[in-house]
Amino acid sequence: MCKKELIPGIFNYCDRWCERCPFNNRCEIFDPADQEKDWSEVDANEFIEEITATFEKTMNLLKIEADANGMNWNQLVADAKEVELEEPVLPKDHEKAVTLASNYRRQVTKWLKDHSEDIKATTVSLVQEIDLGIEYANENNTQFINAIESINWYYALIEAKLRRAISGLNSDSEAELKDFPQTHANGCAKITMLFINKSICAWEEISQIMPAQKDPILDHLALLSRMRTKIQKIFPAHEAFIRPGFDTFIL
Ligand code: SF4
């Protein structure tokens, strides 16, 4: 695959769903071999090797970025070792947003576990409808599978990215830039919103195909909607953040 026109930093504000990414041939960290790998077959040692390789690749990219910006990499590493990390005390509103995300993750983990058989049964019945030639059965089946995959992909990422956005906002380096849209915190908030919006659409689709699940799905939607309101309030400038590639190229 040709990677001659790489988009710097594109991987910082994406959803890491590389196989579906329209820019994977322009991303520094995309590795087609990762997509072919069956992770359920990988043993612990191989997994650690993979993580180490990814970490080294990322450190290399950071070093290149530091060199390009005239920074002394060795000094940066030495300074980082001196820093004592402390958990920042978060403002109440920020804590609440993180708690909502964490509750959502727990709630969805449980729902997916409790209803795995119902999900399978729904898929089987949709396939039977396709075999019977029922109108729109094919579309419903694709829509259902995509919706379940989306929920599965985003439910934990929402919390991870929101935590990053909030800790950025509470760090000394970014707090001063609070009203400036192009901060890492706003970028993370923007991508969190994107995950939330995709999850809301996915739940609405699942609710149509699994009407018996309407009530628990309403609970998930309520959490997502409350999170969305909090993010709007905490990161008022997040929409103006420009994501490299995704917001700078017309597909
Ligand atoms: S930009 Fe695309 S290819 Fe690169 S890490 Fe993100 S999703 Fe994967």
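Worth saying up front: this structure is predicted, and the values here are computed from it rather than measured.

Draft legend 1. Summary view of the overall build of the protein. Counting secondary structure elements, the protein contains nine helices and zero strands. The order of α-helices and β-strands along the protein, N terminus first, is α-α-α-α-α-α-α-α-α. Taken over 251 residues, the protein has a buried fraction of 23%. Restricting to contacts in the protein with at least 6 residues of sequence separation, those with at least 24 account for 69%.

Draft legend 2. A look at the nonpolar core. Tyr-104, Ile-158, Ala-165 and Met-227 are the most contacted members of the largest nonpolar core, which has 37 residues in total. Those elements that provide at least two residues to this core are α4 (92–114), α6 (137–169), α8 (184–209) and α9 (214–234). When residues are assigned to domains, this core turns out to be shared by domain 1 (10–82) and domain 2 (92–240), each giving three or more. In this view, Met-227 contacts Ala-97, Leu-100, Ala-101, Tyr-104 and Ile-196; residues no more than four positions away in its chain are not counted.

Draft legend 3. Up close: the packing of α4 against α6. In contact at an axis separation of 9 Å, α4 and α6 are set at 165° when each is read in the N-to-C sense. Overall, the two elements α4 and α6 adopt an arrangement that is roughly antiparallel. Every pair of crossing elements has a handedness; the one defined by α4 and α6 is left-handed. Contact residues: α4 offers His-94, Ala-97, Val-98, Ala-101, Ser-102, Tyr-104, Arg-105, Val-108 and Leu-112, while α6 offers Ile-151, Asn-152, Tyr-155, Ala-156, Ile-158, Glu-159, Leu-162, Arg-163 and Ile-166. Among the residues making up the contact of α4 with α6, the classes are represented as 12 nonpolar, three polar and three charged.

Draft legend 4. Representation of the environment of Gln-213 within the structure. Residue placement: Gln-213 occurs in the loop between α8 and α9. Here the alpha-carbon distance between Gln-213 and Asp-118, two residues 95 residues apart in the chain, equals 9.7 Å. Not counting residues up to four positions away in its chain, the partners in contact with Gln-213 are His-115, Ile-206 and Ser-207.

Draft legend 5. Structural view of the site of the ligand. Lining the immediate environment of the ligand, one finds Ile-10, Phe-11, Cys-14, Arg-16, Trp-17, Cys-18, Cys-21, Phe-23, Asn-24, Cys-27, Ile-29 and Phe-30. Residue classes in the shell around the ligand are distributed as 10 nonpolar, one polar and one charged.

Draft legend 6. Structural detail: unusual backbone geometry. At Arg-16, a residue that is not glycine, the phi angle is positive and equals roughly 60°. Locating Arg-16 in the fold gives a position in the segment before α1 (32–36). For Tyr-136, which is not glycine, the phi torsion reads 65° and is therefore positive. Along the chain, the position of Tyr-136 falls in the loop between α5 (116–131) and α6.

Draft legend 7. Representation of the packing of α6 against α8 within the structure. Taken N-terminus to C-terminus, the directions of α6 and α8 make an angle of 150°; their axes are 7 Å apart at the nearest point. One element, α6, and the other, α8, form an angle in the roughly antiparallel class. Both α6 and α8 take part in a crossing whose hand is left-handed. Broken down by class, the residue content of the contact of α6 with α8 amounts to 21 nonpolar, seven polar and four charged.

Draft legend 8. Spatial organisation of the environment of Ser-125. Relative to the assigned elements, Ser-125 resides in helix α5. Residue class for Ser-125 comes out exposed when judged on the 12 C-beta atoms lying within 10 Å of it. Taking the C-alpha atoms as reference points, Ser-125 and Ala-137, separated by 12 residues in sequence, lie 9.7 Å from one another.

What counts as what
- Residues numbered from 1 in each chain as written.
- Predicted model: local features only at pLDDT ≥ 70, side-chain atom pairs only at ≥ 80, totals over all residues.
- Helix = DSSP H or I, 4+ residues; strand = E, 2+ residues; numbered from the N terminus.
- Buried ≥ 20, exposed ≤ 12 C-beta atoms within 10 Å, placed from the backbone.
- Contact = placed C-beta atoms within 7 Å.
- Core = buried A, V, L, I, M, F, W, Y, C linked by C-beta atoms within 7 Å.
- Domains from an automatic or database assignment.
- Axes fitted to C-alpha atoms, helices over the stretch in contact; angles between N-to-C directions.
- Parallel < 35°, antiparallel > 145°, perpendicular 65-115°, else oblique.
- Left-handed = near helix turned anticlockwise from the far one by under 90°.
- Nonpolar A, V, L, I, M, F, W, Y, C, P; charged D, E, K, R; others polar.
- Near = placed C-beta within 6 Å.

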